[in-house]
Amino acid sequence: MAQANDQAYLRNEQYRDASNLNARIALHANYSVNPANWQRWVFDHLLAALGTTEPRAVLEIGCGPAQLWVENTDRIPSVWDVTLADFSDGMIAAARDHLAAADHAFTYQVADVQELPFADASFDAVIANHMLYHVPDRPRALAQIRRVLRPGGALFAATNGVDHLKELDALFTQFVPQVGGRVRFSEAFTLENGEAQLRQVFPAVTLDTYEDGLVVTDVEPLMAYIRSMGDVRLLTDDLQRELKGYLTQQIASHGAFRITKSTGLFVAR
């Protein structure tokens, strides 16, 4: 996706609201082969690191529609003080709506990770769940995260590997070659190169990988995902019909359209 680091495009189009992200969340929720829910797997790491009995201040930057918290509302320790931040007003509105019925209270903040509006040493944990590859000045963002972390605090940074959803790259190479291959996300921060970047700011970095894949048995959710990924103007009606026909044939012939997933979670201190 050529626009993966274009902040105006991301704020005003791709993440203006939660609709594109929700299409992608739905595909993963309904067709992933790993029975362990991704958001609960990430939350397991938070619970293990922070515990449940001591007061903790937690910041999620790039929170989107707050899916991490929606899917873990039954497990949020009452002693945690949680701030949800995103650079998109629409995403903050979606997060508020999705958590309106939650028992836990949250603080919401429109904020850019490159210039966090929080005091030094404010948080015990910062979460960046599949968002650092969108940040133009990542060294600055990581320095900001380090600044707002308390001594002993940790960054939990989820991202993808270079083979993540590679079958979708192949589809775009075949049907929309003018996009130049990779359309899903920037390779600026991946499982392969993320550790070296984090170690410029954090002396201790570990990686836990999440084994998974997609076995998609229905065409429409896959088409919705594809339409959510970038400039839909490139996907003309004729191209969409052609692509849908191809995917329908693939699912009929093979029982499903199988997609590689490569994702994991860095913990940096």
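Shown above is the structure to which this text applies.
These numbers were taken from a predicted model, which means no experiment stands behind them. (Residues numbered from 1 in each chain as written. Predicted model: local features only at pLDDT ≥ 70, side-chain atom pairs only at ≥ 80, totals over all residues. Heavy atoms only, no water.)

Undergrad: Even after reading the chapter, I still don't get the overall build of the protein chain, so can you show me in this structure?
TA: In terms of regular secondary structure, the protein chain is built from 10 helices and 9 strands. Per-residue burial for the protein chain yields a buried fraction of 52% across its 269 residues. Considering only contacts in the protein chain between residues 6 or more positions apart, those separated by 24 or more positions represent 80%. Counting only carbon and sulfur atoms, one obtains 49% of the accessible surface of the protein chain, whose full area is about 11,800 Å². (Helix = DSSP H or I, 4+ residues; strand = E, 2+ residues; numbered from the N terminus. Buried < 20%, exposed > 50% of the residue type's maximum accessible area, 1.4 Å probe, protein only. Contact = heavy atoms within 4.5 Å. Areas by Shrake-Rupley, 256 points an atom, 1.4 Å probe, with all protein chains shown as cover.)

Undergrad: Just checking my understanding: could you explain unusual backbone geometry for this structure?
TA: Residues other than glycine predominantly adopt negative phi, and peptide bonds predominantly adopt the trans conformation. A positive phi angle is found at A121, which is not glycine, with a value near 55°. Structurally, A121 can be placed in the loop between β3 (106-110) and β4 (123-129). Its relative accessible area of 33% is what places A121 among the partly exposed residues. Look at L165: it is not a glycine, yet its phi comes out positive at around 55°.

Undergrad: Help me out: how do you make sense of the packing of aromatic side chains in this one?
TA: Here a ring pair, both rings aromatic, is described through the centre-centre distance and the interplanar angle of the planes. Across all of its chains, the model carries 10 aromatic pairs by this definition. Seen in terms of ring centroids, W38 and Y210 are 5.1 Å apart; in terms of plane orientation they differ by 80°. Their pairing is edge-to-face. Separated by 172 residues along the polypeptide, W38 in helix α3 (residues 38-50) and Y210 in strand β6 (residues 205-210) bring together distant segments of the chain. When sorted by exposure, W38 lands in the same class as Y210, which is buried. An aromatic cluster is present here, built from F43, W69, W80, F106 and Y108 joined pairwise through their rings. (Phe/Tyr/Trp six-rings, centres within 6.5 Å; stacked < 30°, edge-to-face > 60°.)

Undergrad: Looking at this model, I keep getting lost on the packing of helix α7 (residues 166-175) against helix α10 (residues 237-254). Mind explaining?
TA: Helix packing geometry: the angle between the two helix axes and the distance between the axes. Direction vectors running N to C along α7 and α10 enclose 130°, while the axes themselves pass 11 Å from each other. The angle between the axes of α7 and α10 places the two elements in the oblique class. The element α7 and its partner α10 pack so that their crossing is right-handed. Only L239, E242, L243, Y246 and L247 of α10 make contact with α7, whose side of the interface consists of L171, Q174 and F175. Here the residues of the contact of α7 with α10 are counted per class, giving 6 nonpolar, 1 polar and 1 charged. (Axes fitted to C-alpha atoms, helices over the stretch in contact; angles between N-to-C directions. Parallel < 35°, antiparallel > 145°, perpendicular 65-115°, else oblique. Left-handed = near helix turned anticlockwise from the far one by under 90°. Nonpolar A, V, L, I, M, F, W, Y, C, P; charged D, E, K, R; others polar.)

Undergrad: Help me out: how do you make sense of the pairing of strand β9 (residues 263-268) in this one?
TA: Sheet faces and side chains relate simply in a regular strand, where the side chains alternate between the two faces. Most of β9 sits out of view: 6 of its 6 residues are buried. The side-chain alternation of β9 yields two buried faces, one formed by T263, L265 and V267 and the other by G264, F266 and A268. Note that strand β5 (residues 149-160) and β9 share 6 bridges and pair antiparallel. Residue N160 lies in a different strand from β9, and its bridge partner there is T263. (Pairing = 2+ DSSP bridges.)

Undergrad: What's the story with the packing of helix α9 (residues 219-228) against α10 in this structure? I'm lost.
TA: Contact pair α9 / α10: the axes reach a minimum separation of 10 Å and the direction vectors enclose 140°. When the axis of α9 is compared with that of α10, the two are oblique. For the crossing formed where α9 meets α10, the hand is right-handed. For the pair α9 and α10, the contacting residues are V219, E220, L222, M223, I226 and R227 in the first and Q240, L243, K244, L247, T248 and I251 in the second.

Geometric values such as these leave the question of function open.
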